[in-house]
Amino acid sequence: MESKKRTEWRYAWLCRGLLSMLTAWVLVLEVKIKLWIAPSRQETSNLKNAQAAGVPSSGPAEVAQEIQELEDKLWEKINCAKRIKDRLISQFMQLDADIQANDKIISELMKKLNALKHEEAEDGVGNISTRADGVDTAQFNVLRILGVGGFGTVFLVRKKGGADAGRLYAMKVLEKSSIIRNDTPTHALTERLVLEAVRNLPFLATIHYAFQTDTKLYLVLDYARGGNLRTKSYERSFTEDEARIYISETILALEYLHKRGIMHRDVKLENILLDSDGHAVLSDFGVSKMFLPCEQHQAHSYCGTLGYMAPELIESSDAGYDMAVDWWSLGIVTHELLTGGESPFETRSVSQTRKEIIHRIIEDEPCIQNDLSVHAKDFISKLLVKDPRKRLGGGEDGAEELKRHPFLNGMNWSDLEQKKISAPFAPQETNESQGSNSVEESSPISFAGSPIFSAATQTTLTNLPDSQFPNCDDIFWGYSYVSPSVHCS
Ligand code: ADE
């Protein structure tokens, strides 16, 4: 709002400046013309007098005519300039009135916003506030880092007190400074909103808390103790039967998202985690797009991970792209799962530039490994069709098209949804999941002054202490959240 106001003021002052210049210019022009016309008028009348007195004219009669015409043209120009000046003055008055009206609206809205914030701070029970019901880092012990990426850092933490004392969570920490520097507040806010929208849906990450300090955003999620499918695909290769279960669970996750107007845009092995029973958990909604019910499901931004990007997303034409980009990525995931991590458009043994990968995705046919079953090959090649309208899942029926494919024949979708179908393997119990007497927890690290925490999260920071960081409450207002289950317990 502030910057909009500033822009309007700048515009108003620019108009004022231009107007003054124009007025000055018209005045100068007028004076010049008058000075120039006076002698010429004198000359004309001298000529007429001489003619009347019978004195032969010093030049042809056309000279007088020409002077008259020039004079007329100049007056026409002066009048035109005057009309432009009048029009600009009336437009400026209108603009000034609009700015004043806008100022009034903005100050009313600011008043309302402040009143709302005040009310909320007083009742302290709403599940949306700047600070989430007193939840903060002091209530968690940090056990270790689960992952570091461009998005921030994910820690394994244990809740210290409250109804969920002792419970392990994955805590994702994002730096506000990086978010603002990269101009991605919308991504951070969308991620938090998507997490709330998909709570309690199987095969999707579950949020428990979201809160913030002046410098950081925190998301507290279910800890998926089985790690991610990228790491697993390096540890062991999956049979088609095993891969089919992960693929089917991910199809259900994407179906839930798409039905709620959410495009994931970053489906990849790293973002498919495994929970304590080994079921797939689609996570990381950092670049997801959430459409309003009335909106057309068409996006235009270039985002995601190159190796998984659909051609229409890379090309970013005016027409944009839709949910079918997620089905393309699933085609890549399927191939990688069945081949120990090999992509149909990249060769791990040969290094390729981004340009070469882009060229292959847009122009070349996918290189599908020959030793896969006929149905698996067909499933992958139909997901990797360049035209999103002809791609499996790209039609009206969406996910149903995938479910009907022979590769997934015989899958009991209702049992799968209820997690009645066992996952290919269950992750092993770790020390940390068995209690707090493990080596790692004999000296738990708290967030304040934690060396792990500092090392991992301060690398991209401008290192401003909380007290000096510019206030971004307005940008991240509404980020904080406490899950209803915590409220009830
Ligand atoms: N890495 C990112 N998110 C995670 C989660 N929820 N559980 C485990 N590891 C993760």
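Residues numbered from 1 in each chain as written. Predicted model: local features only at pLDDT ≥ 70, side-chain atom pairs only at ≥ 80, totals over all residues. Heavy atoms only, no water.

Draft legend 1. Focus on the side chain of E401. The topology assignment puts E401 in helix α11 (residues 399–403). Although E401 lies buried, it forms no salt bridge, and the closest oppositely charged side chain, R404, sits 5.3 Å away as judged by the N-O distance. Side-chain polar atoms of E401 contact the backbone nitrogen of G395, separated by 3.2 Å. (Helix = DSSP H or I, 4+ residues; strand = E, 2+ residues; numbered from the N terminus. Buried < 20%, exposed > 50% of the residue type's maximum accessible area, 1.4 Å probe, protein only. Lys, Arg positive; Asp, Glu negative; His and termini not counted. Salt bridge = Lys/Arg side-chain N within 4 Å of Asp/Glu carboxyl O. Polar contact = N/O pair within 3.5 Å; in protein donor to acceptor, adjacent residues only side chain to side chain.)

Draft legend 2. Examining the nonpolar core more closely. Counting 79 residues, the largest nonpolar core has L204, I251, L257, L337 and F379 as its most contacted members. Ranked by residue count, the leading element in this core is helix α6 (residues 240–259), at 10 residues. Taken domain by domain, this core gets at least three of its residues from each of domain 2 (137–223 + 436–488) and domain 3 (229–417). Listed in part, the 13 residues of the second largest apolar core include F140, V142, V173 and V220. (Core = buried A, V, L, I, M, F, W, Y, C linked by side-chain atoms within 4.5 Å. Domains from an automatic or database assignment.)

Draft legend 3. The arrangement of the packing of aromatic side chains in detail. The tally for this structure, following the rule as stated, stands at 8 aromatic pairs. Consider the rings of F140 and F211, whose centres lie 6.3 Å apart with planes at 10°: the pair is stacked. With a gap of 71 residues between them, F140 in strand β1 (residues 140–149) and F211 in strand β4 (residues 207–212) connect regions that are remote in the sequence. Of the residues examined, F211 reaches a relative accessible area of 2% and is grouped as buried. Here a set of aromatic residues connected by ring pairs shows up, and it is made of F140, Y169, Y209, F211 and Y218. Over the ring of W413 we find K403; its NZ or CZ atom is 5.3 Å from the centre of that ring. (Phe/Tyr/Trp six-rings, centres within 6.5 Å; stacked < 30°, edge-to-face > 60°. Lys NZ or Arg CZ within 6 Å of the ring centre and 35° of its normal.)

Any functional reading would require information that these geometric values do not contain.
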